[in-house]
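# Architecture at a glance
As a plain string of letters, each chain reads:
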Amino acid sequence: MAAGSLKSRFSVNNIGEWFQKQARFIIPPVIALFFILGTWQILCSGKTPPLPPPSKVWQETQEYIWNPFFDRDYFDVSAADKTDSPARQALKEKLTIEKGLGVKTMVSLRRVAIGYTASAIIGISFGIAIGTNVFLYRAFDPIFQVLRTIPPLAWLPIAMSAFQGVNESLKSIGLDVTEAAALFVIFVTSIWPILMNTAVGVQQVPQDYRNVSRVLRLSKFDYFITILMPSAAPYIFTGLRIAVGLSWLAIVAAEMLTGGVGIGFFIWDSYNSQKSSELILALVYIGLVGFLLDKVVYYVSKLVAQSDA
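Description of the structure in this document. (Residues numbered from 1 in each chain as written. Predicted model: local features only at pLDDT ≥ 70, side-chain atom pairs only at ≥ 80, totals over all residues. Heavy atoms only, no water.)

### Points about the pattern of salt bridges
Just so we agree on the cut-off: Take a side-chain nitrogen of Lys or Arg and a carboxyl oxygen of Asp or Glu: if they are within 4 Å of each other, that pair is a salt bridge. Numbering of helices and strands runs from the N terminus, with a helix taken as a DSSP run of H or I at least four residues long and a strand as a DSSP run of E at least two residues long. Think of it in three bands: residues with accessible area under 20% of the maximum for their type are buried, residues over 50% are exposed, and the middle band is partly exposed, with areas taken using a 1.4 Å probe on protein chains only.
Counted by the stated rule, this structure contains 6 salt bridges. Among the ionic pairs, R111 bridges to E255, the shortest N-O distance being 2.5 Å. You can see R111 sitting in helix α7 (residues 101-132) and its partner E255 sitting in helix α13 (residues 220-258), a full 144 residues away along the chain. Accessibility expressed as a relative area gives 0% for E255, which makes it buried.

Set out below in structure tokens:
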């Protein structure tokens, strides 16, 4: 019975019908993409184009495209312990890159994960506190409104100055001044939308729900779990979704100034080396990763909050 049901579900007709439904969402962006690439190719096909055309970008970035996770350091360490096959040795000698764009992106994503997680924990906690307490809200809201308008990179110099004084402590936990400053920039960039949206979500809990909690004499913990968090969840996830995009923007900009391994510094290094094709490929990486981060938070919000927010 189950096998028959499964077979009927994945029949040729059903699969064809599914592709027909998805085609209206896939074909238009594919046509738009080819239109943009074609226009770009035509505009940049002169003798001295301002930017390389797509065909040249594709040609000059083959190593980065086909070997996104190449790490020469890791390769060398592994080679010391393993037999270096002719194929591995040939690849090692052929590639001139030190680390693939996938490796650099993962380093940047690790920084985003640390700063974003810290901002989510502190932002949601403090947002609930000021959302449920009128005095705290009146005390801190004007300060937050001023702080959230400060551009992310404006925090970088003061963060590096502040962390210079605790450099030894940072080394004990495996950080240096520039790494800690980059993490702080992500944190301070992403915390404001989380904090403010959480506070608004808590304040928007319907009065009827509060009255019901009083009638049922719910404890503060039960009120928090059964009424406050479900009501505020759509607002909280809206803040989390805005924050993840801002944190990705912030780390790329911060890495351009702090240097080291990361896709932000790769862009700056490509610009200084006049490698426009690599710079364009890195921008494509950044756009795709930012899109995926937004979708991940969106689907988590759909799963947890059971909402269209």
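### Some words on the nonpolar core
The condition is simple: Throughout this description, the term nonpolar core refers to a set of buried Ala, Val, Leu, Ile, Met, Phe, Trp, Tyr and Cys residues connected via side-chain atoms within 4.5 Å. Here, residues are in contact when the closest pair of their heavy atoms is within 4.5 Å.
Membership of the largest hydrophobic core comes to 37 residues, with the highest contact counts inside it found for Y116, L240, W248 and I263. Contributing elements (two or more residues each) for this core: α7, α11 (177-203), α13, α14 (263-272) and α15 (276-305). The biggest single contributor to this core is α13, with 13 residues. Apart from residues no more than four positions distant in its own chain, L240 is found in contact with Y116, A120, I194 and V297.

### Thoughts on helix α8 (residues 134-147)
The condition that has to hold: One fewer than the residue count of a helix, multiplied by 1.5 Å, yields its expected span. Here the bend at a residue is taken as the angle between two axes, fitted respectively to the seven residues that end there and the seven that start there. N or O atoms closer than or at 3.5 Å make up a polar contact, with two conditions inside protein: a donor-capable atom paired with an acceptor-capable one, and, for residues adjacent in sequence, both atoms drawn from side chains.
With 14 residues, α8 extends 20 Å between its outermost C-alpha atoms, agreeing within 8% with the 20 Å of an ideal straight helix rising 1.5 Å per residue. Most pronounced at F140, the bend in α8 amounts to some 35 degrees, and the proline P142 follows within four residues. The N-cap residue of α8 is N133: its side-chain oxygen and the backbone nitrogen of F135 are 3.0 Å apart.

### Quick word on the packing of α14 against α15
This is how it is decided: Simply put, an axis is a line fit to the C-alpha atoms, just over the touching stretch for a helix, and the angle between two N-to-C directions goes from 0 to 180 degrees. Between 65 and 115 degrees an angle is taken as roughly perpendicular, under 35 as roughly parallel, over 145 as roughly antiparallel, and anywhere else as oblique. Whether a crossing is left-handed or right-handed is set by the direction in which the near helix is turned from the far one by less than a right angle, anticlockwise for left-handed and clockwise for right-handed. In the scheme used here, Gly and all other residues not listed as nonpolar or charged are polar, with Ala, Val, Leu, Ile, Met, Phe, Trp, Tyr, Cys and Pro taken as nonpolar and Asp, Glu, Lys and Arg as charged.
It is at 9 Å that the axes of α14 and α15 come closest, and there the two elements cross at 160 degrees. Looking at the two axes, α14 sits roughly antiparallel to α15. Of the two elements, α14 crosses α15, and the hand of that crossing is left-handed. Contact residues: α14 offers I263, F266, I267, S270 and Y271, while α15 offers E278, L279, A282, L283, Y285 and I286. Taken together, the residues that form the contact of α14 with α15 break down as 9 nonpolar, 1 polar and 1 charged.

### Observations regarding the packing of aromatic side chains
How we decide: Side-chain rings of Phe, Tyr and Trp (the six-membered ring for Trp) are treated as a pair once their centres are within 6.5 Å; stacked means planes under 30 degrees apart, edge-to-face means over 60, and tilted covers the remaining angles. Only when the NZ of Lys or the CZ of Arg is both within 6 Å of the ring centre and within 35 degrees of the ring normal is a charge said to sit over the ring.
According to the stated counting rule, one finds 11 aromatic pairs in the structure shown. Ring centres of F126 and F144 lie 5.8 Å apart, and the angle between their planes is 75 degrees; on these two criteria the pair is classed as edge-to-face. Placement of F126 in helix α7 and of F144 in helix α8 is noted, with a sequence separation of 18 residues between them. On the accessibility criterion, F144 (8% relative accessible area) is buried. On the numbers, 6.1 Å between centres and 70 degrees between planes, the contact of W155 with F184 is edge-to-face. Taken together, the positions of W155 in helix α9 (residues 155-164) and F184 in helix α11 put the pair 29 residues apart, joining distant regions of the chain. On the basis of relative accessible area, W155 is assigned to the buried category, the value being 15%. Relative accessible area serves as the criterion here: at 26%, F184 is assigned to the partly exposed category. A cation sits over an aromatic face here: K295 above Y298, 5.5 Å from the ring centre.

### Side note on the side chain of N197
If you trace the backbone, N197 turns up in helix α11. Residue classification places N197 among the buried positions, given a relative accessible area of 19%. Leave out the neighbours within four places in its chain, and N197 touches Y235, T238, G239 and I242.

### What about the packing of helix α12 (residues 207-215) against α13?
The contact between α12 and α13 brings their axes to 11 Å, and the two run at 175 degrees. On the basis of the axis angle, α12 is roughly antiparallel to α13. Counting all contacts with α12, which are made through Y209, R210 and S213, the residues of α13 involved are Y223, I227 and S231.

### Digging into unusual backbone geometry
We note that R217 has phi near 55 degrees; this positive angle belongs to a residue other than glycine. The topology assignment puts R217 in the loop between α12 and α13. Here R217 falls in the exposed class, since its relative accessible area comes to 75%. The residue Q274 is not glycine, and still its phi comes out positive at about 55 degrees. With respect to the secondary-structure elements, Q274 resides in the loop between α14 and α15.

### What to know about the side chain of S213
Mapped onto the fold, S213 is located in helix α12. Since its relative accessible area comes to 9%, S213 is described here as buried. Setting aside its immediate chain neighbours within four residues, S213 contacts L218, Y223 and I227.

### A short note on α14
The condition that has to hold: For this quantity, the arc is that covered by the directions from the helix axis to the C-beta atoms.
Within the span of α14, buried status applies to I263, G264, F266, I267 and S270. Down the axis of α14, the smallest arc covering the buried residues is 160 degrees, so these residues share one side. Just downstream of α14, Q274 is the residue with a positive phi angle, here 55 degrees.

From the geometry alone we can't say anything about function, so treat these as descriptive.
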